Amino acid sequence: MTGQFILKKPQAGKSPITGFLLEYLVFFAILLLVIVTAAVEPNFLTAQNFTNLMRQFGPLSFVALGMTFIIIGGFIDLSVPGIISLVAIITLSLVDSVGEAGAMMAGLVLGASLGCLNGTVLVVSGASTQAKALFITFGMSQLYGAVALFYTGGRSMNRTLIAHPMPITAALGTGMVGFLSLSFVVFLFFLAMLYIFQSRTLPGRYINYTGGNIVAAELSGIPTKRIMVSIYAICGFMAAVCAIMLFSRVTVTTPTVGAGFERDAIMSVVVGGTSLMGGKGSVLRTMLGVSLVVLMSNCMNLLGVQTHLQEVLRGAILVTAIWLDHRRHR
């Protein structure tokens, strides 16, 4: 019997330098952005702008941390705008009746509950892919946004008109701890907690296994359905934290205040290095992605870039980040 030998063409791998640049591109992008803006705009390196950067870091960073677990788990969540809008409206409306602290607790519970509802709907409908989750969570966002509009009759809410005192909100909006804003300190707290959860606990590792291969994870005994509900609950809770931080910074809240956060959150997570394919990522890398997005927005505002051009640049960065993610994991 004559044996046959099949010669396979060796696959061309990327060079070590190319791999290093792709892996740490976000560092170089942040460094380049800081150098160029500091050279062009002297106000960029002032203490006042540094404080503004920390406060701008707040709302988006919380959503991005929650979205990190969704994407690592192999899914996507477009319900974030609806959750933020509904939680902001409900929380402010409850301040006069249950007090500021009680209203905030109710808002956090509402956010986590809406996230659980998202995960439950996905489990019941058998949605086990990112594409299915995309359409379902988009529909849920429309539902939550409609409830917020119905609840307020389409009107905005001004927190300065609320009779009950709101010292916690005022502190979160303008308070400082040393040279750091209070909102940034709160972010660091959640970052530390979620990092410990992701890297030091079994459920945190289960999320990576589920995102890497949900079928293999289920066959290995990992409760993938509970993991799905859990990651959406985390994202809903963090979206509620974002809502509270958001109306702490601004005086007027509308039923559409959460619009656009899902795009910037996904962009921050992917730019930070979390794979859209699932199974790989870190909340620490997401912090870098948020830093780039916030720095970019701050720099464009200082340089007087028009709003519509800023939207074009954000879209281009998102497309580039997805392309680079594909290159990294080819």
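Below: a short report on this structure.

Conventions adopted
- Residues numbered from 1 in each chain as written.
- Predicted model: local features only at pLDDT ≥ 70, side-chain atom pairs only at ≥ 80, totals over all residues.
- Heavy atoms only, no water.
- Buried < 20%, exposed > 50% of the residue type's maximum accessible area, 1.4 Å probe, protein only.
- Helix = DSSP H or I, 4+ residues; strand = E, 2+ residues; numbered from the N terminus.
- Arc of directions from axis to C-beta.
- Expected span 1.5 Å × (residues − 1).
- Patch = residues over 30% accessible without salt bridge, like charges linked within 9 Å, V, L, I, M, F, W, Y side chains within 5 Å.
- Areas by Shrake-Rupley, 256 points an atom, 1.4 Å probe, with all protein chains shown as cover.
- Salt bridge = Lys/Arg side-chain N within 4 Å of Asp/Glu carboxyl O.
- 1 Å grid on protein atoms, 1.4 Å probe; cavity = no way out; pocket = protein on both sides within 12 Å on 5 of 7 lines; lining within 4 Å.
- Points joined across faces, edges and corners; volume = space filled by probe spheres on them.
- Nonpolar A, V, L, I, M, F, W, Y, C, P; charged D, E, K, R; others polar.

1. Topic: helix 7 (residues 167-174)
The periodicity of an α-helix, 3.6 residues per turn, causes residues three or four places apart in sequence to face the same way.
Phase 1: Among all positions of helix 7, only Thr-169, Leu-172 and Gly-173 are buried. Across the axial projection of helix 7, the buried residues extend over an arc of 100°, all falling on one side. Facing away from the buried side of helix 7 by over 90 degrees, the exposed positions are Pro-167 and Thr-174.

2. Notes on helix 4 (residues 80-98)
Phase 1: Its 19 residues place the ends of helix 4 25 Å apart at the C-alpha level, agreeing with the 27 Å of an ideal helix rising 1.5 Å per residue.
Phase 2: Within helix 4, 14 of the 19 residues are buried, which leaves the element mostly enclosed by the surrounding structure.
Phase 3: Of the residues flanking the end of helix 4, it is Gly-99, one or two places downstream, whose phi is positive at about 90°.

3. Looking at a nonpolar patch on the surface
Phase 1: Taken together, Phe-189, Met-193, Tyr-195, Ile-196 and Leu-284 make up a surface patch of nonpolar side chains, about 440 Å² in accessible area.
Phase 2: Looking at the nonpolar patch element by element, the count peaks at 4 residues for helix 8 (residues 182-200).
Phase 3: Secondary-structure assignment places Phe-189 in helix 8.
Phase 4: According to the relative accessible area criterion, Phe-189 is partly exposed, its value standing at 47%.

4. Examining the layout of surface pockets
Phase 1: Of the pockets and cavities examined, the largest pocket occupies roughly 530 Å³.
Phase 2: As for the largest pocket, its lining consists of 19 residues, of which Gln-56, Arg-249, Phe-261, Asp-264 and Ser-297 are closest to the centre.
Phase 3: When residues of the lining of the largest pocket are traced back to their parent elements, those giving at least two are helix 3 (47-72), helix 11 (224-249), helix 12 (261-272), helix 13 (283-302) and helix 14 (307-328).
Phase 4: No other element matches the 5 residues that helix 13 contributes to the lining of the largest pocket.
Phase 5: Residue classes in the lining of the largest pocket are distributed as 9 nonpolar, 6 polar and 4 charged.
Phase 6: Looking at the second largest pocket, its volume works out to about 300 Å³.
Phase 7: Phe-50, Leu-53, Met-54, Phe-57 and Leu-295 are the residues nearest the centre of the second largest pocket, which is lined by 14 residues in total.
Phase 8: When residues of the lining of the second largest pocket are traced back to their parent elements, those giving at least two are helix 3 and helix 13.
Phase 9: Sorting elements by how many residues they give to the lining of the second largest pocket places helix 13 first, with 5 residues.
Phase 10: Residue classes in the lining of the second largest pocket are distributed as 12 nonpolar, 2 polar and no charged.

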